[in-house]
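Descriptive structure summary
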Amino acid sequence: MAGHSKWKTMKHYKAATDRKRAAVFTRIIREITMAARQGGGDPGGNPRLRTAIENAKASSMPKENIERAIRKGTGELEGLDYQEVLYEVYGPGGVAIMVQAMTDNPTRTVADLRHKLSRNGGNLGSANSVAFLFDRKGQILLDATTVDEETALLAALEAGAEDMSREDDRYVVTTDPAELHAVRDALETAGLSIADAELGWVPQSTVRVEGETASQLVRLLDALDDLDDVQKVDANFDMDVSELAEA
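Attention here is on the structure that accompanies the text. Quantities reported herein were computed from a predicted structural model and do not represent experimental measurements.

What counts and what doesn't
Residues numbered from 1 in each chain as written. Predicted model: local features only at pLDDT ≥ 70, side-chain atom pairs only at ≥ 80, totals over all residues. Heavy atoms only, no water. Pairing = 2+ DSSP bridges. Helix = DSSP H or I, 4+ residues; strand = E, 2+ residues; numbered from the N terminus. Axes fitted to C-alpha atoms, helices over the stretch in contact; angles between N-to-C directions. Contact = heavy atoms within 4.5 Å.

Points about the sheet that holds strand β5 (residues 163-167)
The four strands lie next to each other as β5-β6-β4-β7, forming an open sheet whose pairing is antiparallel. Here the strands that pair on one side only, and so sit at the sheet edges, are β5 and β7 (194-203). Direction aside, neighbouring strands of the sheet carry axes that sit 30° apart on average. Sheet analysis places β5 next to strand β6 (residues 170-175), joined by five bridges and oriented antiparallel. Note that in β6 the partner of E167 across the bridge is R170. Contacting β5 and β6, helix α6 (residues 149-158) crosses the sheet at an angle of about 150° to β5. Against the sheet, helix α7 (residues 180-189) touches β4 (134-143), β6 and β7, its axis set at about 150° to β7.

Printed below as a string of structure tokens:
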């Protein structure tokens, strides 16, 4: 199983314990605002907004925060002008990293990014320098403690998913990007518990990292993930769980 996914899953566990809820809320609010700006404030006709709202509810975000973010996106309330930016990064051990950001000041964001990279063994690449190593996919996380794997896989395939894998107590359902929202809706209708749903960059193959290189890589990934403007980080490494835990 690819290490990038194990790191991603660990980040979900950490979110409930050692990450500030305010930081999680900030990312979700930006996603809601952007979704409302691009597709309107009605979640019934805006799949991206509907997914963002469901993720907000799963994180126990207050209803008023969600509604305020929607109104900022539609222009009913004054708000910052966010832009979506994608950065391509080289990490320790030749690992490729895709960093999705949402910012009102790209100059500030790239400066913050370069600072974290310089301190943690990474380098900023040019456009398309590593993107060709990934496929854009939808990913839905299911709670594996509430349903057996065969039932979940059958439901995922019937919903139109491309694949499903298990990572600890989560099932990761992979979809075509255009089918993410439809598959999520179908899984919810089937009664499955959804922990998260988002678009991400899935590596076509992985790079093995061990020892100090693995430790340095995880420090870099954590540093990138902690940047206020960063929404999501994906990478193409493979690593033992024990290496990850020790990093």
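That covers the picture; the talk isn't over yet.
Overview of the sheet that holds strand β2 (residues 96-103)
Reading across from one edge, β3-β1-β2-β9 is the order of the four strands in this open sheet, with antiparallel pairing throughout. One side of each edge strand has no neighbouring strand; the edge strands of this open sheet are β3 (123-124) and β9 (230-235). Strand direction decides the pairing type here: β2 and β9, joined by five bridges, are antiparallel. Residue pairing in the sheet places Q100 in a bridge with K232 of β9. Its contacts with the sheet put helix α5 (residues 106-119) on β1 (83-90), β2 and β3, and the angle it makes with β1 is roughly 20°.

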